[in-house]
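Each chain, written out:
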Amino acid sequence: MSLLGFGAAPIGNLYHPLTDAQANSAVQSALDSGIRYFDTAPHYGFGLSETRLGAALAKTAVTEPVIVSTKVGRLLVPSTSKASMRHGFADAPPLEPQFDYSYDGVMRSFDASLKRLQRTHVDVLLAHDLGPLTHGADHPARFREFMEGGYRAMSELKAAGQVAAIGLGTNEWQICEAALKHGDFDGFLLAGRYTLLEQGACETFLPLCARRGASVILGGPFNSGILATGVKGADIASGKIPLHYNYEAAPQTIIDRVAQIESVCEEFAVPLAAAALQFPAAHPQICSVLAGLASEAQVQQSLVWMNTPIPEELWQRLRECELLHPAAPIPA
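Everything numeric here is computed off the predicted structure, so don't read it as measured data.

Draft legend 1. Quick look at the overall build of the protein. A tally of helices and strands in the protein yields 13 helices and 14 strands. In terms of overall dimensions, the protein is globule-like: its C-alpha atoms have a radius of gyration of 19 Å, near the 20 Å expected for 332 residues. C-alpha atoms of the protein, sized along the principal axes, occupy 55 × 45 × 45 Å. When each of the 332 residues of the protein is scored for burial, the buried share is 55%. When the accessible surface of the protein is split by element, carbon and sulfur atoms take 54% of a total near 14,000 Å². Across the protein, the mean location of the 24 positive side-chain charges is 5 Å away from that of the 33 negative side-chain charges.

Draft legend 2. The arrangement of helix 5 (residues 139-159) in detail. The first and last C-alpha atoms of helix 5 sit 28 Å apart over 21 residues, in line with the 30 Å expected at 1.5 Å per residue. The axis of helix 5 is deflected most strongly, by about 45°, at Phe146. Looking only at helix 5, the buried set comprises His139, Phe143, Phe146, Met147, Gly149, Gly150, Tyr151, Ala153, Met154 and Leu157. If you follow the buried residues of helix 5, they end up packed against strand 3 (67-72), helix 3 (103-117), strand 8 (122-128), helix 4 (132-135), strand 9 (163-170) and helix 6 (173-180). Taken from the residues just after helix 5, Gly161 is the one with a positive phi, measuring 80°.

Draft legend 3. Examining the environment of Val163 more closely. Structurally, the position occupied by Val163 is in strand 9. Assessed through its relative accessible area of 3%, Val163 is described here as buried. Along the primary structure Val163 and Gln301 are separated by 138 residues, whereas in three dimensions their C-alpha atoms are 32 Å apart.

Draft legend 4. Broad picture of the nonpolar core. With 96 residues, the main nonpolar core has Phe6 and Leu196 as its most contacted residues. Ranked by residues supplied to this core, first place goes to helix 5 with seven residues. Counting eight residues, the second largest nonpolar core, distinct from the first, contains Ala9, Ala41, Phe46 and Phe89.

Draft legend 5. Region of the structure containing the side chain of Ser79. Take Ser79: it is sitting in the loop between strand 4 (74-78) and strand 5 (85-86). What makes Ser79 buried here is its relative accessible area of 17%. Here Ser81 takes part through its backbone nitrogen, which lies 3.1 Å from a polar atom of the side chain of Ser79. Setting aside residues up to four positions removed in sequence, Ser79 forms contacts with Arg86, Pro94, Leu95 and Glu96.

Draft legend 6. A look at the pattern of salt bridges. Summed over all chains, the structure comprises 16 salt bridges. For Glu266, the salt bridge goes to Lys232, with nearest N and O atoms at 3.2 Å. Here the residue Glu266 occupies a position in helix 10 (residues 252-267), and Lys232 occupies one in the loop between helix 8 (226-229) and helix 9 (234-238), the gap between them amounting to 34 residues. According to the relative accessible area criterion, Glu266 is partly exposed, its value standing at 47%. What you see here is one network of salt bridges that share partners, running through Glu267, Arg317 and Glu320.

Draft legend 7. Structural context of the environment of Ala274. Counting through the fold element by element, Ala274 comes out in helix 11 (residues 272-278). Accessibility expressed as a relative area gives 0% for Ala274, which makes it buried. Linking Ala274 and Leu303, residues 29 residues apart in sequence, is a C-alpha distance of 9.3 Å. Setting aside its immediate chain neighbours within four residues, Ala274 contacts Trp305, Thr308 and Ile310.

Draft legend 8. Seen up close, the sheet that holds strand 11 (residues 215-219). Taking strand neighbours around the barrel as the criterion, the eight strands line up as 1-2-3-8-9-10-11-14 in a closed arrangement whose pairing is parallel. Averaged over all neighbouring strand pairs, the angle between strand axes comes to 25°, with direction disregarded. When strand 1 (residues 4-7) meets strand 2 (residues 37-39), the two strands line up parallel, connected through two bridges. Counterpart to Phe6 in the pairing with strand 2 is Phe38.

Draft legend 9. Structural context of the pairing of strand 8. Counted residue by residue, strand 8 has seven buried out of seven residues, so it is predominantly covered. Both strand 3 and strand 8 contribute to a ladder of four bridges, which runs parallel. Bridging across to strand 8, Val72 finds its partner in Ala127.

Draft legend 10. Summary view of the side chain of Asp129. When you line up the elements, Asp129 lands in the loop between strand 8 and helix 4. For Asp129, a relative accessible area of 11% puts it in the buried group. Beyond its immediate sequence surroundings of up to four residues, Asp129 is in contact with Arg74, Tyr101, Thr134, His135, Gly169 and Asn171.

Criteria and cut-off values
- Residues numbered from 1 in each chain as written.
- Predicted model: local features only at pLDDT ≥ 70, side-chain atom pairs only at ≥ 80, totals over all residues.
- Heavy atoms only, no water.
- Helix = DSSP H or I, 4+ residues; strand = E, 2+ residues; numbered from the N terminus.
- Rg over C-alpha atoms; globule rule 2.2 N^0.38 Å.
- Buried < 20%, exposed > 50% of the residue type's maximum accessible area, 1.4 Å probe, protein only.
- Areas by Shrake-Rupley, 256 points an atom, 1.4 Å probe, with all protein chains shown as cover.
- Lys, Arg positive; Asp, Glu negative; His and termini not counted.
- Charge placed at Lys NZ, Arg CZ, Asp CG, Glu CD.
- Expected span 1.5 Å × (residues − 1).
- Bend = angle between axes of the 7 residues up to and from the residue.
- Contact = heavy atoms within 4.5 Å.
- Core = buried A, V, L, I, M, F, W, Y, C linked by side-chain atoms within 4.5 Å.
- Polar contact = N/O pair within 3.5 Å; in protein donor to acceptor, adjacent residues only side chain to side chain.
- Salt bridge = Lys/Arg side-chain N within 4 Å of Asp/Glu carboxyl O.
- Pairing = 2+ DSSP bridges.
- Axes fitted to C-alpha atoms, helices over the stretch in contact; angles between N-to-C directions.

Next up, the structure:
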C-alpha cells in the first residue's frame, strides 16, 4: 500500500462536476507517479466514483499490485430528484443512498461494487459511516444491525477470498474502538481524526490498534480543507476561499489554532499543507494517508507536499507551543 493514497470521492463529482476524461486523467497521473492505493465507495457520486475508478484501472498496464478499497453500509435505490447537487455530489446518477448494514444489504452492495469496479475481488472492504455522528439516536440499532448481519457477511467474503481485509471507514475513532470489542478487524479508515489539527486518537485508539494488529488508513488529512488552504492571505480574508472544517464552516476556535500552526510553518518556510500531509504518516499504525484528488495537478501537488523536506525543529516548535499531543510521534 503506497504511503500516499488516492481518495476517489472527488472523481464522484464531490462539490463540482468532472468529466469522465478528467477523472481518468487524475487516476492515470496517480498510477504514473507510483500511487498504488485507491479508496472509493458507492456513496461517492452514487456509484460514479466506483464506475470511473474501475474504468480507469481497467486501462492500466502497471505491473505492481494496485490496492482498492470500497465500502458497504448503503444501498443505491432509484431517485426521482431533479436537484443538481445532492449530499454534496453534483450531477450524479438518479440514485439515492439508503443505509443498510444487514447481511443481505452488505452482500448486495458488494456485488454491485464489483460490477462498477470491474473487479472479481476487493482488497479492503469497509463498513461506511457507523457511529453517533452520522446516525444520532439510531446509532445503537445500526451498530447492532451491522454486528449481527453486515459483519458476518464481510467475514464470509474474506473467508471466501473475495476480500483480503475488512474494517470500518468512519469519522469517529470511538466507534472503531467499540467495534474491536465485538469483532476482529484488520484495520480502519479514520477520516480527519488524527491530523496536524487534532490527535486525540493517539491516546487510546491507536495503541489499541497496535495491540490488536490493526492498521489505520488516515483519510481527511486536511480536515476538510482548512489545513490545505490555511487561514491567511487575501483570498481567505475576502471570502473567496471558504474555510471548511469537518465539511462545515470552521468555527473561530479552529481558525485560531490553524493560524498558530500556520505561523510555525511560515517560520520554517514550510507549506502548511506539506506538514499536514506528512504528520499522520509518522505514526507506526498509519499505513497510508489519503488525499482527495480530482486532477493531474492535484496529484502532482500532493506528491510535492508529501516529499517536501521538513526540519525536525518545526515539529519540536509545534510541540513546545502545545500544538501537538505529547504522545504523537513526529516525522524523522
